[in-house]
Amino acid sequence: MEQTETFLRTEQKYELTRKQAEYFQEAAQAHLLPDVYPEYDLNTIYFDTADSRMIMHCLDHPLYKEKLRMRAYGNPDVNSPVFLEIKKKFREDGQKRRIQLSYAEACRVMEEGRLDETESQISREIQYVCDQQKLLPKVFIAYHRKAYAGKDEADVRITFDTNIRYRINDLSMSCNGKEKVISGEDSVLMEVKLSERYPLWLSQILSEMHLHRESFSKYGTIYAALLLQNKKEQIHRAYRAYEEAGYPAAQKENTACLLRY
């Protein structure tokens, strides 16, 4: 366990087209610099209970919510560094706290639910979450990110995520080509991350482009899509059952309504 990190900031998300993202970057180029790591791939596994209790709680928009995930930069091998992260949010303020482990060690920790080293506060917080509920890997998410930092505002960071895709089977930390896309080729997710108020130049660009923040969660969007798919499958099964039993069409429609609502 070589490294611990804490980030405390507000994060706001905006859904853009590629053309809008290019326009924003051009409009903001006098105020932004490429980040220390300006462009990279992110691979993440989100952990949750078997009945998806954590993401269901987050989707209810509570005052406080948290997620636990494993994150790597690109496809890791067994000795590559990865991060176990606990992400918390209270009202508009978010906090990301993480520890660095090897990929092999992080997999062992999440499989056993036990950290060997809990001297740091962050390690104890992760261990507490693991102790409170049995967590399983639920979804793998990958995307490409471009990152910028504020030229004059040290707390400003703006990222652009593209090619967001996911997998719910074979939950290793590497892409295998079987991922499903959750955002179209023309879709860009912009995140504005800062610890204080928006600088004037940023507010002016957002206003000029008529951009409004979105409540967007990658894991939440995938979970909602899977729920919808399950509902559709239930309706189709009910239709087939009524057809085989010879019931009238009106009764089939009533069943579909019950399943939807």
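One can find the structure itself at the top, above this paragraph.
Everything quoted here is computed from the prediction, not taken from an experiment.

Parameters and conventions
Residues numbered from 1 in each chain as written. Predicted model: local features only at pLDDT ≥ 70, side-chain atom pairs only at ≥ 80, totals over all residues. Heavy atoms only, no water. Phe/Tyr/Trp six-rings, centres within 6.5 Å; stacked < 30°, edge-to-face > 60°. Helix = DSSP H or I, 4+ residues; strand = E, 2+ residues; numbered from the N terminus. Lys NZ or Arg CZ within 6 Å of the ring centre and 35° of its normal. Buried < 20%, exposed > 50% of the residue type's maximum accessible area, 1.4 Å probe, protein only. Pairing = 2+ DSSP bridges. Salt bridge = Lys/Arg side-chain N within 4 Å of Asp/Glu carboxyl O. Axes fitted to C-alpha atoms, helices over the stretch in contact; angles between N-to-C directions. Left-handed = near helix turned anticlockwise from the far one by under 90°. Contact = heavy atoms within 4.5 Å. Nonpolar A, V, L, I, M, F, W, Y, C, P; charged D, E, K, R; others polar.

Student: What am I meant to see in the packing of aromatic side chains here?
Tutor: To describe a pair of aromatic rings, one takes the distance between the centres and the angle between the planes. The full count for this structure, using the stated rule, is five aromatic pairs. Both rings, one in tyrosine 73 and one in phenylalanine 83, keep their centres 6.1 Å apart while their planes meet at 85 degrees; by these two values the pair is edge-to-face. Placement of the pair is tyrosine 73 in strand β3 (residues 64–73) and phenylalanine 83 in strand β4 (residues 81–90), with a sequence separation of 10 residues. Positioned above the aromatic ring of phenylalanine 140 is the side chain of arginine 167, whose terminal nitrogen or guanidinium carbon lies 4.4 Å from the ring centre. Lying over the aromatic face of tyrosine 143, lysine 218 brings its terminal NZ or CZ to 4.4 Å of the ring centre.

Student: Can you walk me through the pairing of strand β7 (residues 157–167) in this structure?
Tutor: Within β7, 10 of the 11 residues are buried, leaving the element largely enclosed by the surrounding structure. As consecutive antiparallel partners, strand β6 (residues 136–150) and β7 are separated by six residues. Alignment of β7 against strand β9 (residues 187–194), held across five bridges, turns out to be antiparallel. Note that in β9 the partner of aspartate 161 across the bridge is leucine 189.

Student: Help me understand the pairing of strand β2 (residues 32–48), please; the structure alone is not making it clear to me.
Tutor: The pairing of β2 with β6 spans 13 bridges and is antiparallel. What sits directly across from threonine 44, in β6, is isoleucine 141. As paired strands, β2 and β3 are joined by six bridges and run antiparallel to one another. Across the sheet, the residue bridging to tyrosine 46 is arginine 69, located in β3.

Student: Looking at this structure, I do not really get the pattern of salt bridges. What am I missing?
Tutor: Note on pairing: side chains with opposite charge can pair once their charged atoms come close. This structure, assessed with the given rule, holds 18 salt bridges. Across the salt bridge formed by lysine 88 and glutamate 125, the nearest N and O atoms sit 2.9 Å from each other. Of this pair, lysine 88 sits in strand β4 while glutamate 125 sits in helix α4 (residues 121–132), and the two are 37 residues apart along the sequence. Residue lysine 88 is classed as buried on the basis of its relative accessible area, which comes to 18%. A residue is classified by how much of its surface remains accessible, and glutamate 125, at 14% relative accessible area, is buried. With its nearest N and O atoms 2.4 Å apart, the salt bridge here joins arginine 167 to glutamate 179. Within this pair, whereas arginine 167 is found in strand β7, its partner glutamate 179 is found in the loop between β7 and β8 (180–181), the two being separated by 12 residues in sequence.

Student: Can you walk me through the packing of helix α1 (residues 18–27) against helix α5 (residues 200–208) in this structure?
Tutor: Pairs of packed helices are described in terms of their axes, by the angle between the two and the distance that separates them. Packing of α1 against α5 brings their axes to within 11 Å, and their N-to-C directions diverge by 145 degrees. Our pair here, α1 against α5, has a crossing hand that is right-handed. Between α1 and α5, the residues in contact are Tyr23, Phe24 and Ala27 and Leu202, Ile205, Leu206 and Glu208, respectively. Classifying every residue of the contact of α1 with α5 by side-chain character gives six nonpolar, no polar and one charged.

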